[in-house]
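Coordinate analysis (summary)
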Amino acid sequence: MFWSLAILAYLLGSLSFAILLSRLTGNPDPRMSGSGNAGATNMLRLAGKKLAVLTLLGDVCKGLLPVLIASLLGLTLQQQAWVGVCAVLGHLFPLYFRFRGGKGVATAAGMLLGIYPPAALLAMLAWLLTFYLTRTSSLAALIATPLTLPLLAWQEPQALLPMSMLTLLIVWRHRGNLRDLFAGRERHF
């Protein structure tokens, strides 16, 4: 059951709402325009608030849904977390879009919402506060994601290893943003 659900989660995660919504509305492929990222932040830049919000909701749901299904099927919390990681891997490396996806932040937030909602709330508050103060989405993600690890270690240690791996992946996907942040070139809103 676990492996079937992990594969299903990856396939669901491979659905890129940014790319699909861009195609449906005649907007440019987000991987070829703006920051080159297939995520909600780039959609905000390229297509406006409505499509950015729809992208965000779709990306969060594809992280949340597999975790909820895993929970309903009685999988352990650690297995649920690994299923969520598979959904995020699908977002990062989508099968349907030549393995060129987004950075995984919203899908990871959906996963966290299913695994341990207080961690998702902490991440959301940290993201919002950082974004409010800096107007920099990448910095907000780079602060919010690792901030959940101590809370998980304390409250839900079974989810710590999968979320730690996911945090490393998200930081790795933001390596270009980190270079731009240190060089003072990162895009702001």
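Per chain, the residues get numbers from 1 upward, laid out in the order the sequence is written. Where totals are concerned, whole chains, interfaces and linings use all residues; where local detail is concerned, this predicted model gives features only for residues with pLDDT of at least 70, and gives and counts side-chain atom pairs only at 80 or more. Remark: hydrogens and water are excluded; side-chain values derive from all non-hydrogen atoms of the structure.

Under the annotation held in an unreviewed UniProt entry, the protein chain carries the name Glycerol-3-phosphate acyltransferase and is attributed to Pseudomonas synxantha. UniProt positions are given in the numbering used here, feature names are shortened, and annotations may be inferred rather than shown by experiment. Per its UniProt entry, the protein chain bears the Subunit (unreviewed entry) comment "Probably interacts with PlsX." The protein chain has a UniProt comment under Pathway (unreviewed entry) that states "Lipid metabolism; phospholipid metabolism."

1. Side note on the UniProt feature "transmembrane region" (unreviewed entry) in the protein chain
As recorded in UniProt, the sites labelled "transmembrane region" (unreviewed entry) are residues 6-24, 51-75, 81-99 and 111-133. End C-alpha to end C-alpha, residues 51-75 measures 34 Å, and it is 88% helix and 0% strand. The secondary structure listing takes helices from DSSP runs of H or I that are at least 4 residues long and strands from runs of E that are at least 2 residues long, numbered from the N terminus. Taken end to end, residues 111-133 comprises 96% helix and 0% strand; its first and last C-alpha atoms sit 26 Å apart.

2. Considering a nonpolar patch on the surface
Exposure above 30% relative accessible area and the absence of a salt bridge qualify a residue for a patch, where like charges join within 9 Å and nonpolar side chains (Val, Leu, Ile, Met, Phe, Trp, Tyr) within 5 Å. Each accessible area value is a Shrake-Rupley result obtained with a 1.4 Å probe; residue values ignore everything except the protein chains displayed when judging cover. Here, a salt bridge means any side-chain nitrogen of Lys or Arg that lies within 4 Å of a carboxyl oxygen of Asp or Glu. Together, Met1, Leu65, Ile69 and Leu73 give the surface a local cluster of nonpolar side chains, amounting to about 380 Å² of exposed area. Structurally, Ile69 can be placed in helix α4 (residues 49-72).

3. Quick look at helix α5 (residues 77-92)
For the α-helix, the turn length of 3.6 residues means that residues three or four positions removed from each other point alike. Expected helix span is computed as 1.5 Å times (number of residues minus one). Across its 16 residues, α5 extends 23 Å between first and last C-alpha, which sits within 8% of the 22 Å expected from 1.5 Å per residue. Each residue gets one of three labels from its accessible area relative to the maximum for its type: buried under 20%, exposed over 50%, partly exposed in between, using a 1.4 Å probe on protein chains only. Of all 16 residues that make up α5, 12 are buried, and the element is covered over most of its length. Inspection of α5 places Leu77, Gln80, Ala81, Val83, Gly84, Val85, Cys86, Ala87, Val88, Gly90, His91 and Leu92 among the buried residues, and these make up the whole buried set. The criterion used for residue contact is that any of the two residues' heavy atoms lie within 4.5 Å. Residues of α5 that are buried sit in contact with α1 (2-13), α4, α6 (105-115) and α9 (160-173).

4. As for the pattern of salt bridges
Going through the model one piece at a time under the given rule, you end up with 3 salt bridges. Arg31 is paired through a salt bridge with Asp29; the nearest N and O atoms lie 2.7 Å apart.

5. Notes on the state of the cysteines
What counts as a disulfide here is a pair of cysteine sulfur atoms lying within 2.5 Å. Within this structure, the stated rule accounts for 0 disulfides. Cys86 supplies the cysteine sulfur nearest to Cys61, a cysteine that is in no disulfide, at a spacing of 18 Å. Taking relative accessible area as the criterion, Cys61 reaches 45% and is therefore assigned partly exposed. Of the residues examined, Cys86 reaches a relative accessible area of 18% and is grouped as buried.

6. Some points on the nonpolar core
Among buried residues, the Ala, Val, Leu, Ile, Met, Phe, Trp, Tyr and Cys ones that are joined through side-chain atoms within 4.5 Å form a nonpolar core. If you look at the biggest cluster of nonpolar residues, it comprises 24 residues, and the most contacted ones within it are Met111, Leu112, Ile115, Leu152, Met163 and Leu166. Within the residue set of this core, elements represented by two or more residues are α5, α6, α7 (117-134), α8 (137-155) and α9. For this core, the element with the highest residue contribution is α5, accounting for 5 residues. The contacts of Met111, once residues within four sequence positions are left out, are Gly63, Leu64, Val67, Ala81, Gly84, Val85, Met163 and Leu166. If you look at the next biggest cluster of nonpolar residues, it comprises 9 residues, including Ala6, Leu75, Cys86 and Ala87.

7. Notes on the side chain of Asn37
The topology assignment puts Asn37 in the loop between α2 (17-25) and α3 (40-47). Since its relative accessible area comes to 12%, Asn37 is described here as buried. Think of a polar contact as two N or O atoms within 3.5 Å of one another; within protein, one of them needs to be a possible hydrogen donor and the other a possible acceptor, and neighboring residues in sequence only count if both atoms come from side chains. At 3.3 Å, the side chain of Asn37 forms a polar contact with the backbone nitrogen of Lys103.

8. Side note on the packing of α5 against α9
One can describe the packing of α5 onto α9 by two numbers: an axis separation of 9 Å at closest approach and a directional angle of 15°. With respect to α9, the element α5 is oriented roughly parallel. The interaxial crossing formed by α5 with α9 has left-handed handedness. Residues Gln78, Ala81, Trp82, Val85, Val88, Leu89 and Leu92 of α5 pack against Leu161, Pro162, Met165, Leu166, Leu169 and Arg173 of α9. Throughout, an axis means a line fitted to C-alpha atoms (over the contacting stretch in the case of helices), and angles, computed between N-to-C directions, take values from 0 to 180 degrees. Here the angle decides the label: under 35 degrees means roughly parallel, over 145 means roughly antiparallel, 65 to 115 means roughly perpendicular, and every other value means oblique. Handedness of a helix crossing follows the sense of rotation of the near helix relative to the far helix, less than a right angle counterclockwise being left-handed and clockwise being right-handed.

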